[in-house]
Amino acid sequence: MERISHFIGGKVVPGESGRSGPVYNPATGEQTHQVDFAGVAEVDRAVEAAKEAFPAWRATSLSKRSDILFRVRELLDERRRDVAAAITQQHGKVLSDAMGEVARGLENVEFACGVPHLLKGGFTEQASTGVDVYSIRQPLGVVAGITPFNFPAMVPMWMFANAIACGNTFVLKPSEKDPGASLVIAEVLKDAGVPDGVFNVVQGDKVVVDRLLEHPDVEAISFVGSTPVARYIYETGTAHGKRVQALGGAKNHMVVLPDADVDMAADAAVSAAYGSAGERCMAISVVVPVGDVAEPLVQAILDRLPNVRIGDGMDPDSEMGPLVTREHRDKVAGYLESAREQGATVPADGREHQLYGTSEGFFLGVSLIDNVTPEMDCYRDEIFGPVLSVVRAADYDDALGLVNGNPYGNGVAIFTRDGGAARQFQFDVNSGMVGVNVPIPVPVGYYSFGGWKRSLFGDTHMYGPDGIHFYTRGKVVTARWPDPSTSSVDLGFPRTR
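I will try to describe carefully the structure that is included in this document. (Residues numbered from 1 in each chain as written. Predicted model: local features only at pLDDT ≥ 70, side-chain atom pairs only at ≥ 80, totals over all residues. Heavy atoms only, no water.)

## Focus: the sheet that holds strand 1 (residues 2–4)
Okay, so step 1: Across the sheet, which stays open at both edges, the 3 strands sit in the order 1-5-4 with mixed pairing between neighbours. Of all strands in the sheet, those with a lone pairing partner are strand 1 and strand 4 (19–25), marking the two edges. Across the sheet, the axes of successive neighbouring strands diverge by a mean angle of 35°, strand direction being ignored.
Okay, so step 2: Across 3 bridges, the pairing between strand 1 and strand 5 (residues 30–37) is parallel. (Pairing = 2+ DSSP bridges. Helix = DSSP H or I, 4+ residues; strand = E, 2+ residues; numbered from the N terminus. Axes fitted to C-alpha atoms, helices over the stretch in contact; angles between N-to-C directions.)

Here it is as structure tokens:
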């Protein structure tokens, strides 16, 4: 069985803890790899390598760092199929979707290439007689990223690109479910000229997470995952004096007003709900048709579902692949049964797809649950699978109240032809990311990603300008170069006038 190990100090390092976990091909159900789980000593070794690399990397000029990041971008672009293939073979998403993931991650690397501009400070000449004041931003030191299984390439790029551009060194803890892409990325960074120790990968489970959270030399933690874990990361990390940004779960709504283009809205709902088998934190999981648009919209969605081609992600004809593990697939399927028991209707049941019953892979067909109410489990929980719920709303206020009453505030979309209604919605809605006739409003790389309420723990969003702010700290310098002959003792409060 091929092993997936750690990457520490510029080289692959086999695990020594004696612990490991299985990695599967979700399309076949076959175990393909064994991933090493680090112990505390191995985490400490990675942090030490990053700590030793920090002084020289911090002192590296901005132009040199930028030059290296440009090479990282070019090599990732050249090898994007290698990264994507590792994602598909261990996560299950179709290859075209994995390629798209790498492309969106590259946007963040491209943004970080502009670090000489991004780290420009402010300067005030002659703030007082002979005194100048200026501000600078400096790196933190060793920072760490803990990333989820659903985007094993893109989310790390959200973090490490800005982190190392700003002069920090980085320790990545990827998901143990699909860790292969992390080592492909590590080799790309090394080949691009990133110095040894600047980027490290430690495979593992909660042992690794807890050690990173408590390690005295780790200055900051970035996390993307479920809300309970995000809360734990935030509370534990901050209790140990660390800067923490922790993105949690989501329940993304798509509000469809009566004037919307029904076919366009149905296409968007199907694309956003079932892409990557629904394993996206920005997937649309609830459609909220307003008024009499409900019946035609639900029917239009149902008409499209038989055309979704499900199969092995490496098959170019597949549009949707399996879920990441058998356990997760079975948990998702359980919501279809509980929805019926709680009074909803299930006009499309993914358990009826032939691959669900005949394949050893972790397949579930596309599913639609109608007549859902907010008390039902399928609405309250983040399902994270190819299940779309329909909650019908009487009017705009009813729809807005549903969205704002949900404990999550990650992303939301509205479909309408009315510009005034769309503008009012983006003003009223309590969510960090809003799409207008765009079902998955993931910001481009030069904005920042993040939700509100239980979808975010911490003060800053991920990547973009917020990422630069998170991975640096400000310093203000007040400088005076007077004629020595004018110097005198003055015990009064410093004056600027």
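## Digging into the pattern of salt bridges
Okay, so step 1: Enumeration over the complete set of coordinates arrives at 29 salt bridges.
Okay, so step 2: The partner of Asp267 in a salt bridge is Arg304, and the shortest N-O contact between them spans 2.5 Å. Pair noted here: Asp267 is in helix 10 (residues 262–274) and Arg304 is in helix 11 (residues 294–304), with a separation of 37 residues, a long-range link.
Okay, so step 3: Owing to a relative accessible area of 40%, Asp267 belongs among the partly exposed residues under this scheme. (Salt bridge = Lys/Arg side-chain N within 4 Å of Asp/Glu carboxyl O. Buried < 20%, exposed > 50% of the residue type's maximum accessible area, 1.4 Å probe, protein only.)

## Section: the sheet that holds strand 23 (residues 472–480)
Okay, so step 1: The sheet built from 3 strands is open, its strands ordered 6-7-23 with antiparallel pairing. Edge positions in the open sheet fall to strand 6 (123–128) and strand 23, since each of these has one partner strand only. Here the average twist between neighbouring strands, direction ignored, is 30°.
Okay, so step 2: Pairing geometry for strand 7 (residues 131–139) and strand 23, over 9 bridges, is antiparallel. If you follow Val131 over to strand 23, its bridge partner there is Arg480.

## Considering the layout of surface pockets
Okay, so step 1: The space that makes up the largest pocket amounts to roughly 930 Å³.
Okay, so step 2: Around the largest pocket, the lining comprises 36 residues; the ones closest to its centre are Phe149, Lys177, Gly225, Ser226 and Val229.
Okay, so step 3: Put simply, the parts of the chain that give the lining of the largest pocket at least two residues each are helix 6 (154–165), helix 8 (206–214), strand 11 (218–224), helix 9 (227–239) and helix 12 (326–341).
Okay, so step 4: With 5 residues, the top contributor of residues to the lining of the largest pocket is helix 9.
Okay, so step 5: Residue classes in the lining of the largest pocket are distributed as 19 nonpolar, 9 polar and 8 charged. (1 Å grid on protein atoms, 1.4 Å probe; cavity = no way out; pocket = protein on both sides within 12 Å on 5 of 7 lines; lining within 4 Å. Points joined across faces, edges and corners; volume = space filled by probe spheres on them. Nonpolar A, V, L, I, M, F, W, Y, C, P; charged D, E, K, R; others polar.)

## Overview of unusual backbone geometry
Okay, so step 1: In this structure, Ser276 is a non-glycine residue whose phi angle is positive, near 55°.
Okay, so step 2: Looking at the element boundaries, Ser276 is found in the loop between helix 10 and strand 14 (284–289).
Okay, so step 3: Residue classification places Ser276 among the buried residues on the basis of a relative accessible area of 6%.
Okay, so step 4: The backbone of Ala277 sits at a positive phi, close to 55°, despite the residue not being glycine.
Okay, so step 5: By the secondary structure assignment, Ala277 is in the loop between helix 10 and strand 14.
Okay, so step 6: With a relative accessible area of 1%, Ala277 lands in the buried category.

## So, the nonpolar core
Okay, so step 1: Ranked by size, the top nonpolar core spans 67 residues in total, and within it Trp158, Phe170, Phe199 and Phe449 carry the most contacts.
Okay, so step 2: Per-element tally for this core: the top contributor is helix 6, with 10 residues.
Okay, so step 3: If we skip the residues at most four places from it in the chain, Phe170 touches Val143, Ala144, Gly145, Met159, Phe160, Ala163, Ile164, Val198, Phe199, Asn200 and Tyr471.
Okay, so step 4: Core analysis: the second largest hydrophobic core is formed by 65 residues, Val288, Val290, Leu336 and Ala393 among them. (Core = buried A, V, L, I, M, F, W, Y, C linked by side-chain atoms within 4.5 Å. Contact = heavy atoms within 4.5 Å.)

## Brief notes about empty space enclosed by the protein
Okay, so step 1: Applying the stated criterion across every chain yields a total of 4 cavities of 30 Å³ or more.
Okay, so step 2: Looking at the largest cavity, its volume works out to about 120 Å³.
Okay, so step 3: Along its surface, the largest cavity is lined by 15 residues, and Gly278, Arg280, Ala283, Ser285 and Phe384 are the ones closest to its centre.
Okay, so step 4: Residues of the lining of the largest cavity, tallied by class, amount to 8 nonpolar, 4 polar and 3 charged.

## A look at the pairing of strand 20 (residues 433–436)
On a regular strand, each side chain points to the face opposite its neighbour's, so the side chains alternate between the two faces of the sheet.
Okay, so step 1: Residues Met433 and Gly435 of strand 20 are buried on one face, while the alternating residues Val434 and Val436, pointing to the opposite face, are not.
Okay, so step 2: Direction of pairing for strand 19 (residues 411–415) relative to strand 20: parallel, over a ladder of 4 bridges. In the strand pairing of strand 20, Val412 is matched with Val434.
Okay, so step 3: Note on the crossover from strand 19 through helix 16 (residues 419–428) to strand 20: the handedness is right-handed. (Right-handed = clockwise from strand over helix to strand, strands pointing away.)

Note that all results are geometric; they support no functional claim without further evidence.
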